[in-house]
Amino acid sequence: MQFHTEFTPLTVQPQEIEEKSFAIITEELGEHSFTPEQFPVVQRVIHASADFDLGRSLLFHPDAVEAGIQAIRSGKILVADVQMVQVGISKGRIEKFGGEVKVYISDRDVMEEAKRLNTTRAIISMRKAVKEAEGGIFAIGNAPTALLELIRLVKEGVAKPGLIIGMPVGFVSAAESKEELAKLDVPFITNQGRKGGSPVTVAAVNALSLMAERRG
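Residues numbered from 1 in each chain as written. Predicted model: local features only at pLDDT ≥ 70, side-chain atom pairs only at ≥ 80, totals over all residues. Heavy atoms only, no water.

Notes on the overall build of the protein
Of regular secondary structure, the protein possesses 11 helices and six strands. In terms of overall dimensions, the protein is globule-like: its C-alpha atoms have a radius of gyration of 18 Å, near the 17 Å expected for 216 residues. Referenced to the eigenvectors of the C-alpha coordinate spread, the extents of the protein come out at roughly 60 × 45 × 35 Å. With 216 residues in all, the protein has 50% of them scored as buried. Intrachain contacts of the protein at a sequence separation of at least 6 include 64% that bridge at least 24 residues. Carbon together with sulfur atoms contributes 51% to the accessible area of the protein, which is approximately 11400 Å² in total. Charge centroids of the protein, computed over 25 positive and 28 negative side chains, lie 6 Å from each other. (Helix = DSSP H or I, 4+ residues; strand = E, 2+ residues; numbered from the N terminus. Rg over C-alpha atoms; globule rule 2.2 N^0.38 Å. Buried < 20%, exposed > 50% of the residue type's maximum accessible area, 1.4 Å probe, protein only. Contact = heavy atoms within 4.5 Å. Areas by Shrake-Rupley, 256 points an atom, 1.4 Å probe, with all protein chains shown as cover. Lys, Arg positive; Asp, Glu negative; His and termini not counted. Charge placed at Lys NZ, Arg CZ, Asp CG, Glu CD.)

Brief notes about the nonpolar core
Ranked by size, the top nonpolar core spans 70 residues in total, and within it Val45, Leu150, Ile165 and Leu208 carry the most contacts. The element that contributes the greatest number of residues to this core is helix α11 (residues 198-214), accounting for nine residues. (Core = buried A, V, L, I, M, F, W, Y, C linked by side-chain atoms within 4.5 Å.)

A closer look at unusual backbone geometry
Notably, Asn118 is not glycine yet its phi reads approximately 55°, a positive angle. Locating Asn118 in the fold gives a position in the loop between α7 (108-117) and α8 (121-132). Non-glycine residue Ser173 carries a positive phi angle of around 75°. Tracing the backbone shows Ser173 in the loop between β5 (163-166) and α10 (174-181). By relative accessible area, which is 29% here, Ser173 ends up partly exposed.

Let's talk about the packing of α7 against α8
Interaxial distance between α7 and α8 falls to 8 Å at its minimum, and their mutual angle equals 125°. When the interaxial angle is binned, α7 and α8 end up oblique. Crossing of α7 over α8 shows right-handed handedness. Packed against α7, whose contacting residues are Asp109, Val110, Met111, Glu113, Ala114 and Leu117, the element α8 presents Arg121, Ile124, Ser125, Arg127 and Lys128 at the interface. (Axes fitted to C-alpha atoms, helices over the stretch in contact; angles between N-to-C directions. Parallel < 35°, antiparallel > 145°, perpendicular 65-115°, else oblique. Left-handed = near helix turned anticlockwise from the far one by under 90°.)

Regarding the side chain of Thr201
Inspection of the secondary structure assignment puts Thr201 in helix α11. Look at Thr201 and you get buried, because its relative accessible area is 0%. For Thr201, the residues in contact, after removing those within four places along its chain, are Val85, Ala139, Ile140, Gly141, Ile165 and Met167.

Focus: the environment of Ala175
With respect to the element layout, Ala175 can be found in helix α10. Exposure remark for Ala175: the relative accessible area of 16% places this residue in the buried category. For the pair Ala175 and Gln192, spaced 17 residues apart in sequence, the C-alpha separation works out to 6.4 Å. Among residues more than four places away in sequence, those in contact with Ala175 are Gly193 and Arg194.

Some points on the pairing of strand β4 (residues 137-140)
Residues of β4 alternate between two faces, with Ile137 and Ala139 on one and Phe138 and Ile140 on the opposite face, all of them buried. Two strands pair when backbone bridges link them, and strand β2 (residues 78-80) and β4 are joined in this way by three bridges, in the parallel orientation. Each residue of the ladder has a partner; that of Ala80, found in β4, is Ala139. (Pairing = 2+ DSSP bridges.)

So this is what it looks like as structure tokens:
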């Protein structure tokens, strides 16, 4: 059985769909204060969420975009807080420069330690990750406790990330964790408020990897 609709898409070509989407985003966003280096990240975040308010709420450390590009081109590890972030990242562009995308939250030793200490796996996963990913990118889109722990480790001098992309979504500690991230003197990309999530965190990473690749 075939179903027919009166709507006909403007195009079914993937590249044309993306280009048209970005043109719409640029037009509807209007005037903004993002730099030319930051704007591709904003575009992809809005593209992933169809949420202009979320896009407008993005905050960038002045060195964030360049730090992310350099971390990717140097083959640094990219740490995801959860599998949903790991799966969405375009790994080919990361691996092209010798990097890899890792997630620790389901490692057996992480689960056992979290149970022993009666705390979240997200917290323990960050304690493990910082030992292996100095200078790398930490992409946190789901777990505010992971972001808060990473911030604590940075303040204590234990963690030395190249870039933190912190955009966890939620009602408990999500907005507050991002406020704390924005106070750090390390490169970061975050947003204000409760919104965020794995798709927009992935979008930010993929924007950076595209820029890294286009440098040749």
